[in-house]
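Here is what each chain is made of, one letter per residue.
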Amino acid sequence: MLGQLALIEQDFFNALAPGLIGSSDQVSSGHRFGFAELQQRFGVPVRVLPSLRDPAGLQMLQDAGADLFISIRFGQILRNEALAIPPRGVLNLHSGLLPQYRGVLATFRALLNGDPEIGCTLHWIDSPGIDVGRIIETARVAVEKERSLLWHILSLYQPGARLIMNAIRRLERDEPMTGTSQDPSAGAYYSFPGEDDLMQFTTQGWRLFDREDVWDLFESYGFPLRISAP
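The model shown is predicted, which means the values in this text are computed figures rather than measured ones.

Digging into unusual backbone geometry
Most peptide bonds adopt trans geometry, and most residues besides glycine take a negative phi value.
Thinking step 1. With an omega of 5°, the peptide bond between Leu98 and Pro99 qualifies as cis.
Thinking step 2. Among the structural elements, Pro99 can be located in the loop between strand S2 (90–94) and strand S3 (101–103).
Thinking step 3. Its identity as a non-glycine residue notwithstanding, Arg73 has a phi of 55°, on the positive side.
Thinking step 4. Along the polypeptide, Arg73 turns up in the loop between strand S1 (69–72) and helix H4 (80–83).
Thinking step 5. Of note, Leu105 is a non-glycine position whose phi angle comes to about 50°, a positive value.

Side note on the environment of Leu97
Thinking step 1. With respect to the helices and strands, Leu97 occurs in the loop between S2 and S3.
Thinking step 2. If near-sequence neighbours (up to four positions away) are discounted, Leu97 is found in contact with Ile118, Gly119, Cys120, Thr121, Thr138, Ala139 and Arg140.

Description of the pairing of S2
Thinking step 1. The element S2 is extensively covered by neighbouring structure, given that five of its five residues are classed as buried.
Thinking step 2. Here S2 shows no split at all, with Val90, Asn92 and His94 on one side and Leu91 and Leu93 on the other all buried.
Thinking step 3. Bridge count between S1 and S2: four bridges; the pairing is parallel. Its bridge partner being in S2, Ile72 is matched across the sheet by Leu93.
Thinking step 4. Here S2 runs beside strand S4 (residues 117–124); their pairing, made up of four bridges, is antiparallel. Its bridge partner being in S4, His94 is matched across the sheet by Thr121.

Quick look at the nonpolar core
Thinking step 1. Judged by nonpolar contacts, the single largest core of 29 residues is most densely connected at Leu91, Phe108, Leu122, Trp124, Leu149 and Phe201.
Thinking step 2. Taken together, the elements giving at least two residues each to this core come down to S2, helix H5 (106–112), S4, strand S5 (135–142), helix H6 (149–155), helix H7 (157–172) and helix H8 (195–203).
Thinking step 3. Here the element with the most residues in this core is H5; it accounts for five residues.
Thinking step 4. The residues touching Leu91, leaving out its near neighbours within four places in the chain, are Leu68, Phe69, Ile70, Ser71, Leu122, His123, Trp124, Ile136 and Ala167.
Thinking step 5. Grouped together as the second largest cluster of nonpolar side chains are nine residues, Leu61, Phe69, Leu78 and Val90 included.

Definitions and limits used
Residues numbered from 1 in each chain as written. Predicted model: local features only at pLDDT ≥ 70, side-chain atom pairs only at ≥ 80, totals over all residues. Heavy atoms only, no water. Helix = DSSP H or I, 4+ residues; strand = E, 2+ residues; numbered from the N terminus. Contact = heavy atoms within 4.5 Å. Buried < 20%, exposed > 50% of the residue type's maximum accessible area, 1.4 Å probe, protein only. Pairing = 2+ DSSP bridges. Core = buried A, V, L, I, M, F, W, Y, C linked by side-chain atoms within 4.5 Å.

Any functional reading would require information beyond the geometric quantities listed.
Below is the structure:
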């Protein structure tokens, strides 16, 4: 079941949509851009970062000459050698409310636990620990029981982007942004759900995704998929 979710939320759209978006005349300023479109429009190179255990990976980070690193859904642990590179530090957008939900698929866990809202957290990465850095700001979205897990995950994307932009503007104004330390004893670390977790999730009436979610996602990029009857 999680493989199906990953196919829809990550693999399928990442593989198909950026190519369509980058070459389509339908894309306007009111629609989102894929990586190819962003690279062409703003002249910002997009590169695949090798393993940070490989010296070439660290060298690529060094060569970027960036003042600030922003991590979003990054699958590697940033160790001290990488954290020391950007002079303004490293920010991470975590797809859950910290410190309650460290680890993966925090939205799944929040829905499973019956929380009335989900959220995402912008925090500093100041050590190689996972989701333990000082919290800068959170964004919250009310849970809608009739909606799917995928819908709730996608609902956090724009609020999360706003958190990042707010932080960048504050840094540009040289405002202090130390953040609030987390209580290491609070919350829990969650790994990928197991079969029992998924069974409990569906028993509660939740769905991983709906066809409407996929349609809405494509249409938000300017590609209408539904045809209305005349």
